[in-house]
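Here is what each chain is made of, one letter per residue.
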Amino acid sequence: MDSIPVKAAAVNQVESTDSAPANQQVLDLLQSIQQNQQRLEQRLGELERNQGGASQSGDATAHHDTLPSTAHDETFVGAIDQGTTSSRFLIFNKEGEPVASHQIEFKQIYPHPGWHEHDPEEIITSVQLCMDEAVKLFKRRGYSRDSIKAVGITNQRETTVVWDKNTGEPLYNAIVWTDTRSSALVRELKTRSGADKLQDKCGLPLSTYPSVSKLLWMLENVDKVKQAYENGTLAFGTIDAWLVYKLNGGPQGRDGGVFVSEPTNASRTMFMNLETLDYDNSLIDFFGLKRDNIRLPNIIRSSDAEAYGSIASGSLTGVSITGCLGDQSAALVGQKGFTPGLAKNTYGTGCFLLYNVGEKPVISKHGLLATVAFNFDGTPIYALEGSIAVAGQGIKFLQNNLGLISSSAEINDLAASVEDNGGCVFVTAFSGLFAPYWIDDVRGTILGITQYTQKGHVARATLEATCFQTKAILNAMEKDSGKALTELAVDGGMSNSDLCMQTQSDLIGIPVIRPKMRETTALGAAIAAGFAVGVWKSFDELKELNRVGGTTFEPKMPAEKSAEMFERWEKAVKTCSGFV
Ligand SMILES: Nc1ncnc2c1ncn2[C@@H]1O[C@H](COP(=O)(O)OP(=O)(O)O)[C@@H](O)[C@H]1O
Ligand SMILES: O=P(O)(O)OC[C@H](O)CO
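Scoring rules and cut-offs
- Residues numbered from 1 in each chain as written.
- Chains lettered and ligands numbered in written order.
- Predicted model: local features only at pLDDT ≥ 70, side-chain atom pairs only at ≥ 80, totals over all residues.
- Heavy atoms only, no water.
- Near = heavy atom within 4 Å.
- Polar contact = N/O pair within 3.5 Å; in protein donor to acceptor, adjacent residues only side chain to side chain.
- Areas by Shrake-Rupley, 256 points an atom, 1.4 Å probe, with all protein chains shown as cover.
- Nonpolar A, V, L, I, M, F, W, Y, C, P; charged D, E, K, R; others polar.
- Helix = DSSP H or I, 4+ residues; strand = E, 2+ residues; numbered from the N terminus.
- Buried < 20%, exposed > 50% of the residue type's maximum accessible area, 1.4 Å probe, protein only.
- UniProt positions renumbered as here; feature names shortened; annotations may be inferred.
- pLDDT = per-residue confidence, 0-100.
- Core = buried A, V, L, I, M, F, W, Y, C linked by side-chain atoms within 4.5 Å.
- Contact = heavy atoms within 4.5 Å.
- Phe/Tyr/Trp six-rings, centres within 6.5 Å; stacked < 30°, edge-to-face > 60°.
- Lys NZ or Arg CZ within 6 Å of the ring centre and 35° of its normal.

(A) Molecular detail of the site of ligand 2. For ligand 2, the full set of nearby residues is Thr84, Gln156, Arg157, Glu158, Trp177, Tyr209, Asp327, Gln328, Gly348, Thr349, Gly350 and Phe352. Taking Glu158, its side chain carries an N or O atom lying 2.5 Å from an oxygen atom of ligand 2. Residue Asp327 places a side-chain N or O atom 2.5 Å away from an oxygen atom belonging to ligand 2. Here ligand 2 loses 94% of its free accessible area of 310 Å² to cover by the protein chains. Grouping the amino acids of the shell around ligand 2 by side-chain chemistry returns 3 nonpolar, 6 polar and 3 charged.

(B) View of unusual backbone geometry. Put simply, Ala435 and Pro436 share a cis peptide bond, and its omega is -5°. Phi at Lys336 is positive, roughly 60°, even though this residue is not glycine. Counting through the fold element by element, Lys336 comes out in the loop between α11 (327-334) and β16 (343-347). Residue Lys336 is classed as buried on the basis of its relative accessible area of 17%. Located in the positive-phi region is Trp438, a residue other than glycine, with phi close to 50°. Tracing the chain through its elements places Trp438 in the loop between β20 (425-427) and β21 (445-447). For Trp438, a relative accessible area of 22% gives the class partly exposed.

(C) Structural detail: the UniProt feature "domain: Carbohydrate kinase FGGY N-terminal" (unreviewed entry) in the protein. Those places that UniProt annotates as "domain: Carbohydrate kinase FGGY N-terminal" (unreviewed entry) correspond, in this numbering, to residues 78-334. For residues 78-334, helix accounts for 32% and strand for 23%, while the C-alpha atoms at its two ends are 14 Å apart.

(D) Inspection of the confidence of the model for the protein at higher detail. On average, residues of the protein score 89 in pLDDT, and 87% of them reach the 70 mark or higher. Across the assembled chains, the prediction reports ipTM 0.98 with pTM 0.88.

(E) Structural detail: the nonpolar core. Ranked by internal contacts, the top residues of the largest apolar core, which has 135 residues, are Leu215, Leu234, Phe271, Phe287, Leu289, Val427 and Trp569. At 12 residues, helix α14 (residues 455-481) tops the list of elements feeding residues into this core. Not counting the four nearest positions on each side in its chain, Leu289 is found in contact with Leu215, Leu216, Leu219, Tyr229, Phe271 and Ile284. Residues Val135, Leu243, Val244 and Tyr308 belong to the second largest nonpolar core, which totals 42 residues.

(F) Broad picture of the UniProt feature "domain: Carbohydrate kinase FGGY C-terminal" (unreviewed entry) in the protein. Mapped onto the present numbering, the UniProt feature "domain: Carbohydrate kinase FGGY C-terminal" (unreviewed entry) falls at residues 344-532. Helix makes up 36% of residues 344-532 and strand 21%, with an end-to-end C-alpha separation of 24 Å.

(G) Up close: the side chain of Asp327. Relative to the elements of secondary structure, Asp327 occurs in helix α11. By relative accessible area, Asp327 is classed as buried at 12%. Residue contacts for Asp327: discarding those within four places in its chain leaves Thr154, Asn155, Gln156, Arg157 and Thr521.

(H) Up close: helix α15 (residues 498-508). Of all 11 residues in α15, 10 are buried; the element is thus mostly enclosed. Burial in α15 covers these residues: Leu499, Cys500, Met501, Gln502, Thr503, Gln504, Ser505, Asp506, Leu507 and Ile508. Downstream of α15 by a residue or two, Gly509 has a phi angle that is positive, lying close to 70°.

(I) Looking closely at the packing of aromatic side chains. Scanning the model with the defined rule gives 29 aromatic pairs in all. Look at Trp163 and Phe259: their rings are 5.4 Å apart centre to centre, the planes differ by 80°, and that puts the pair in the edge-to-face class. Taken as a pair, Trp163 in strand β7 (residues 160-164) and Phe259 in the loop between α8 (239-247) and β10 (260-261) lie far apart in primary sequence, 96 residues in all. Accessibility assignment for this pair places Trp163 and Phe259 in one class, buried. Each residue in the set Trp177, Tyr209, Phe352, Phe434 and Trp438 is aromatic and connected to the rest through ring pairs, giving one cluster. Note that Arg181 overlies the ring of Trp115, its terminal NZ or CZ placed 3.8 Å from the centroid.

What follows is the structure, given as structure tokens:
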């Protein structure tokens, strides 16, 4: 794909030659290069359309530019997708096709076992670079930057950033949602009076996962943060709030800085009341925080033409940010899960199943979370959520820590090199186990290893771990909702593995449906932004987006066999619980 910029550079070089006899040769050469380039672009467009659009393979820093299938005078919406392992920017046309994009993986910081951080400044620079590079490609396709009507944001949730409200300077690295350093603190919080009532108000159980315990840890352990809290200069936000603030120019932004969040992100802090969609003083009091000492972003709608401000620098200067959704809610929107009973499962760094429950939150009795799906027009829609901490992260572990594969895409073939897991079960509990188990005293454990065990068995067990947890979540969801799902829509980097998706279908016994264009999270952000500026006006209009060309995986394994495998998994979970 990089051949196009290289060719363009070559054209420029040839054009600068000025000797007369060489001119005809130069023109011929130029013409032939241009013809080649057109052929290449056409082929590239075909290839990417066959693969289902931009960024299907996941891993590397890359740009993707698909030939547009539509006229050059239409409107477009940009989407920032700030995930756990990479940042991306995609530009969508009205048909929901990405016509240009750029993706950058950024640094994962693991200072101690169980700690996981991101550099907040690197998050911003990676996003800005993605926007600039994608816009360059967009323009090279002959489009005008002015046809990008708005930008939406979607982001990893819970990851916590603190900064000085006057200078905009981060006061510590962002603590990532997977981080477990606050586990002792969480154990203490669980003993406080009222701990058992928290979930009814905010939808989340006490664990290291939501933002609050990360903030409390910083207040106890980082002098700069303590100081800012005492001085009343401490700004706290999830990644959405940090991005909006910085993209608007930080403290130089409108009214001294645009400082907003929206319910799908704010609900992941444990400070937001699910019914009022506002901060709840009883929650803030429970955590022993003084409301006046901490600046929290205003919670606004997920789609809003004004309140998110506009981009202050770079190639999209002046373009309004008009929509924002946490990545899992964005994927539900991108999969068009607008009505109660629809669900999706996104296999990214972690894996998250969201099930639309309509206009009233459902507080789970079986280990699931209640969360906000979206709030576009003042009527919030809620979801039941099953969160799995480790999905693609397990694949990255095999690649980066064990060197069993050299890219994530290789896991599929390695796992397919063996017939089954050979007796191995990998409880990928790097951050404890999330839904529906919520066990924090367990860590990653491979059980059942013998002399027979090969790399392929470990690869297979890694994929199966996410599929087993999805099965456990579906069981819980059925108990909470009283309904069984009849099919499961999937997306995210790990859903690229056919073997993984087939295994998933086998284990849950229903069809698994993977769309052709798998950048559904970014599409959801574009939809939120597009609604605010009238690019799309109703859910009905979105029906046809990304509808054809997907893959359906039907269950093939006998039910007794899959039940037996799941039983072994549950036994493995019990066996390694209590280890820490
Ligand atoms: N072809 C593939 N097969 C299996 N897993 C993949 C593949 N490509 C990417 N992944 C996994 O998907 C994850 C990234 O997915 P993505 O949806 O981009 O997540 P995030 O938003 O968390 O960064 C990585 O952890 C990676 O290991
Ligand atoms: O990076 P992802 O796509 O696994 O998503 C992270 C989640 O938002 C964490 O809750």
